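Chain residues, written in single-letter form:
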Amino acid sequence: MKFSYTKTIIAVSLLSLASVTLFARDSKYTRKGTGPQYWIAYEYCYDLDVPMTELRWKCNIDWMAKTFKDYGYDMICNDGWIESAQTINGNGYITKYNSNWENGFSYWNEYIKGRGMKMGVYYNPLWMTKAAYDGDCPVTGSTATAKQIAGDHPFNDALYWVDVDKPGAEQWVKGYVRYFINLGVKYLRIDFLENYEDNYGTRRYAKALQWIMEEAGDELFLSLVMPNCYGHAKTELLYGDMIRIDNDCFSGEWDFVSSRNRGNVRGVWPQYDNVFDGMVAFSDVAAKGQMILDGDCMRLNKLQSKDERRFLFSIMVMGGSALAIADQYDTADDDVDDIYKNRELIELNQLGFVAKPLSRDIHDINSSRWVGQLPDGDYVVGLFNREDEAMKYGIDFFDDLGIDGGKVENVRDLWEHKDLGSMSGKYEAELAPHSCKILRIRPDGKRRFQAECSSARGGVVLKCQ
Amino acid sequence: MIRKWLVMFILVPSVALLSSCCKGYGLSTVSDGEFSGFGYLDDFTDESSSAEFVVESDEDEAVTIVVRGKCDSASDMDACELKSDHFSAPVVFHEYGVWSEASVEAKLVKGYNYITVECFRPTEGSIAIDYIEIQ
C-alpha cells in the first residue's frame, strides 16, 4: 500500500478534532441559560397522594392564563402520579395523563395553545406501561415488540423500564420523544433517572439520555429529574438542558428552601436536600451554554412570611432556575401572586441571567452572597440571610464587584422597586431572619465585564477570593 | 536623628496609603498582583476552554476591548482570541506569570454582542482571565 501523507494529515486532523472534549449539550435552551416560567401540577397530587383531576387541571390552566401569562409564565405541565396513564396508542405510547380523564394530551395541548401558552409533559420515554407490555405492542421502526425490549427490573407494578441494550429499544425511546414532539409538546420532564441508572448502570443510562437528546434536538426542552449527578453531573451535562439539584419540594416550607439537612451532601440523588445548598454547590455548571439548574417547583402559599417567599423566588432567579409555580387557583392569594409577578426579577430570568455565589462552599457564609452581571454592565447582587437571627450582610463595590474607585452611580432595590442613589465603598444592611435583598447596581464609569460573571465553558473553572 | 524621624514620618504614611490602594483595603484600582472582583476564570488549557460575555451596545461602534489575564508560560501569551459574530482578533499578552492587559480592536453592534474569549490551541500552562473592559 502506498503511504499517503495527505490522508495521514487528514486522519490526524480528524482525530484531533474528535479529541476535543465536549462538556455540555448545546441547544437553544442551554444557550439562553435560564429555565422556563411555568405551572406544574404538583401540589394537589403531593398533598392528597392522588393524580390530578381533570377539572382541577382545567381550572389551573384558566387561572394561569388569566393571572400569570402576561408575566411570561407560558407553559403548563402535568406531574407524576402517572401510573394510571394506561391508555395507549398502537405504538404503546400513552395518550392521556390519566385513563380516567375524558381528554388526552392532544386535546389539552390545543386547549392550552388556545390560551396563548404551551404544554409540557411529565413522562420518561424509558417507561413502558403495563398496558403496552401486556399488549406486546410492536415497536415502530424495528421488528421488536414491547416484551422483547422490557428490562429485568420493572419500575413498579404499572410501569416497566426499557432495557436500552435490547434491539428495538432505540426505536422505542426515540419514537416516544418524536411522538411527544408531534403532539406539540415543548418540554419533557423526565423523572426517576436515578432509578434507571441504579438498576441498569451508568453506561446504559448515558446511552438512553443520548438517544433522547438526539431526537429532541432544539424541538424539546429536556428537564432531567432525580439524576444521581455522578462526577458533578458529568453525564447529565452532556445530554440535558436542566437538572434537578435538590430534593423534592414536598410540603414546600422553609425546610425545602434552606434548612432541610443543611450543609450535608450525598454521593447519589438527592445530593442536596434544600434549594439553597443545591444552588450553591452546582453553581459552577450553571451558565449559558452549560446547564440550567432546577430548584424544583415553588409553593409560596406554604411559606410563613413575605420575607421567606421573596427569599425562595430570589434564589431561584439568581441561580437561573426554572420558575415553576405549583400553587393553585385556590391556594394562592394576592400576596403569593405578587411575588411571582415581580417584573424586575422576571426580567433577569428572561435575559438568561445567572449569578454566582462568592463561595461554592455551602458552609461558608460567603455562599449567601451572590453576584451576577447584566449585558448593560449593571451588577445584580443577592444577599440572603438563611439564619434564624438577624444578621448584617453587605457587598463591597471594589473588593467584591471590582469597580475601580468603589463608587457606584445607583443602587436599586428590586423588591422595594426603589432607587437608593449613588454610593461609595459598600452597601450594608441588617437582614431579618429568612429575608434577602436583591440589588441592581450601576457602576460609575468603566464598562467592565468581570470574568467570574461570564459564562465559562469547557474545563474553565471559577476561582474565588 | 531628626532627619531620620522626618523620613519615617513621611515614609510610613506613604506606604500605608499605597497599601490602601491594593485590593482588600478599600477604594482604588486593582493592583498588579491581584485580580479584580470576587474571582477570576482559570484553566484555559485547550480549544474547549472559553468564556462568553454578553455586552449590550446602544449603537454600532468601533471600540478597544482590554482583556486582563495571566499566562503561566511565555509560549501561551498568544494562545487566546476574542471574537463575536462581528469581529475576531488575537489576544496577545506581553508578559507572563503576572496579570497583564492585552488590547483588541473590535466592533460592537447595536443590541446584544456575544463576545467570547477562547483558547484556540492546547497550552503549555494555564491561562486565567480576569475581565474584559470596553473602551
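Quick note: structure is the one above.
What comes next concerns the included structure. Because the structure is a prediction, the values reported are computed rather than measured. (Residues numbered from 1 in each chain as written. Chains lettered and ligands numbered in written order. Predicted model: local features only at pLDDT ≥ 70, side-chain atom pairs only at ≥ 80, totals over all residues. Heavy atoms only, no water.)

## With respect to the side chain of Glu308(A)
All names here are of chain A.
1) Next: By the element assignment, glutamate 308 lies in helix α13 (residues 306-318).
2) Next: For glutamate 308, which is buried and forms no salt bridge, the nearest opposite charge comes from arginine 309, at a distance of 7.4 Å.
3) Next: A polar contact is formed between the side chain of glutamate 308 and the backbone nitrogen of glutamine 304, at a distance of 3.0 Å.
4) Next: Of the polar contacts made by the side chain of glutamate 308, one reaches the side chain of histidine 434; its length is 2.7 Å. (Helix = DSSP H or I, 4+ residues; strand = E, 2+ residues; numbered from the N terminus. Buried < 20%, exposed > 50% of the residue type's maximum accessible area, 1.4 Å probe, protein only. Lys, Arg positive; Asp, Glu negative; His and termini not counted. Salt bridge = Lys/Arg side-chain N within 4 Å of Asp/Glu carboxyl O. Polar contact = N/O pair within 3.5 Å; in protein donor to acceptor, adjacent residues only side chain to side chain.)

## Some remarks on the state of the cysteines
Residue and element names in this part refer to chain A.
1) Next: Applying the stated rule across the entire model yields zero disulfides over all chains.
2) Next: Left without a disulfide partner, cysteine 436 is nearest to the cysteine sulfur of cysteine 249, which lies 18 Å away.
3) Next: By relative accessible area, cysteine 436 is classed as buried at 12%. (Disulfide = S-S within 2.5 Å.)

## Let's talk about unusual backbone geometry
All names here are of chain A.
1) Next: Here the residue pair tryptophan 269 and proline 270 is connected by a cis peptide bond, since its omega of -15° sits within 30 degrees of zero.
2) Next: Within the secondary structure layout, proline 270 lies in the loop between α11 (254-259) and α12 (275-281).
3) Next: Positive phi values are uncommon outside glycine, yet tryptophan 81 reaches one of about 55°.
4) Next: On the basis of relative accessible area, tryptophan 81 is assigned to the partly exposed category, the value being 23%.
5) Next: For asparagine 261, which is not glycine, the phi torsion reads 50° and is therefore positive.
6) Next: Here asparagine 261 shows up in the loop between α11 and α12.
7) Next: Classification of asparagine 261 by relative accessible area gives partly exposed; the value is 33%.

## Comments concerning the pattern of salt bridges
Residues and elements named next belong to chain A.
1) Next: Considering all chains together, one arrives at 50 salt bridges over all chains under this definition.
2) Next: Where lysine 207 meets aspartate 165, a salt bridge forms, and the shortest distance between an N and an O atom there is 2.8 Å. Placement of lysine 207 in helix α9 (residues 193-216) and of aspartate 165 in the loop between β5 (159-161) and α8 (169-183) is noted, with a sequence separation of 42 residues between them.
3) Next: Residue classification places lysine 207 among the partly exposed positions, given a relative accessible area of 25%.
4) Next: Taking relative accessible area as the criterion, aspartate 165 reaches 35% and is therefore assigned partly exposed.
5) Next: A cluster of three or more residues bridged by salt bridges with shared partners is formed by Asp163, Asp165, Arg203, Arg204 and Lys207.

## Regarding a negative patch on the surface
1) Next: Together, Asp333(A), Asp334(A), Asp335(A) and Asp338(A) make up a region of like negative charge exposed at the surface.
2) Next: With respect to the secondary-structure elements, Asp333(A) resides in the loop between β10 (323-325) and α14 (334-340). (Patch = residues over 30% accessible without salt bridge, like charges linked within 9 Å, V, L, I, M, F, W, Y side chains within 5 Å. Areas by Shrake-Rupley, 256 points an atom, 1.4 Å probe, with all protein chains shown as cover. Charge placed at Lys NZ, Arg CZ, Asp CG, Glu CD.)

## What to know about the interface of chain A and chain B
1) Next: With 41 residues of chain A at the interface, the matching set in chain B holds 38 residues.
2) Next: Buried surface at the junction of chain A and chain B, summed over both partners, amounts to about 3,300 Å²; 56% is from carbon and sulfur atoms.
3) Next: It is Phe398(A), Arg447(A) and Phe449(A) that lose the most area in chain A upon contact with chain B, and together they represent 21% of the buried surface on that side.
4) Next: Linking Arg457(A) and Glu52(B) is a salt bridge whose minimum nitrogen-to-oxygen distance equals 3.4 Å.
5) Next: Counting every contact that joins chain A to chain B gives 19 residue pairs in polar contact (both at pLDDT 80 or more). (Contact = heavy atoms within 4.5 Å. Buried area = accessible area lost by both parts, 1.4 Å probe.)

## A closer look at the sheet that holds strand β8 (residues 242-244) of chain A
Residue and element names in this part refer to chain A.
1) Next: Read from one edge of the open sheet, eight strands run β9-β8-β7-β6-β3-β2-β1-β10, paired in parallel fashion. Edge positions in the open sheet fall to β9 (292-294) and β10, since each of these has one partner strand only. Mean inter-strand twist for the sheet, computed between neighbouring axes without regard to direction, equals 25°.
2) Next: Judged from the three bridges that link them, strand β2 (residues 75-77) and strand β3 (residues 118-122) form a sheet pairing that is parallel. (Pairing = 2+ DSSP bridges. Axes fitted to C-alpha atoms, helices over the stretch in contact; angles between N-to-C directions.)

## A closer look at the nonpolar core
Burial of nonpolar side chains together is a common tendency in soluble globular proteins.
1) Next: Of all hydrophobic cores here, the largest spans 138 residues; its most connected members are Trp57(A), Tyr73(A), Trp172(A), Phe180(A), Leu312(A) and Phe313(A).
2) Next: By residue number, the principal contributor to this core is α9(A), which donates 10 residues.
3) Next: Mapped onto the domain boundaries, this core takes at least three residues apiece from domain 1 (23-354) and domain 2 (365-445) of chain A.
4) Next: Sequence-distant contacts of Phe180(A), that is, excluding residues within four places in its chain, are made with Phe105(A), Val121(A), Tyr123(A), Val185(A) and Leu188(A).
5) Next: In this structure, Leu41(B), Ala79(B), Cys80(B) and Ala89(B) belong to the second largest nonpolar core, which totals 32 residues. (Core = buried A, V, L, I, M, F, W, Y, C linked by side-chain atoms within 4.5 Å. Domains from an automatic or database assignment.)

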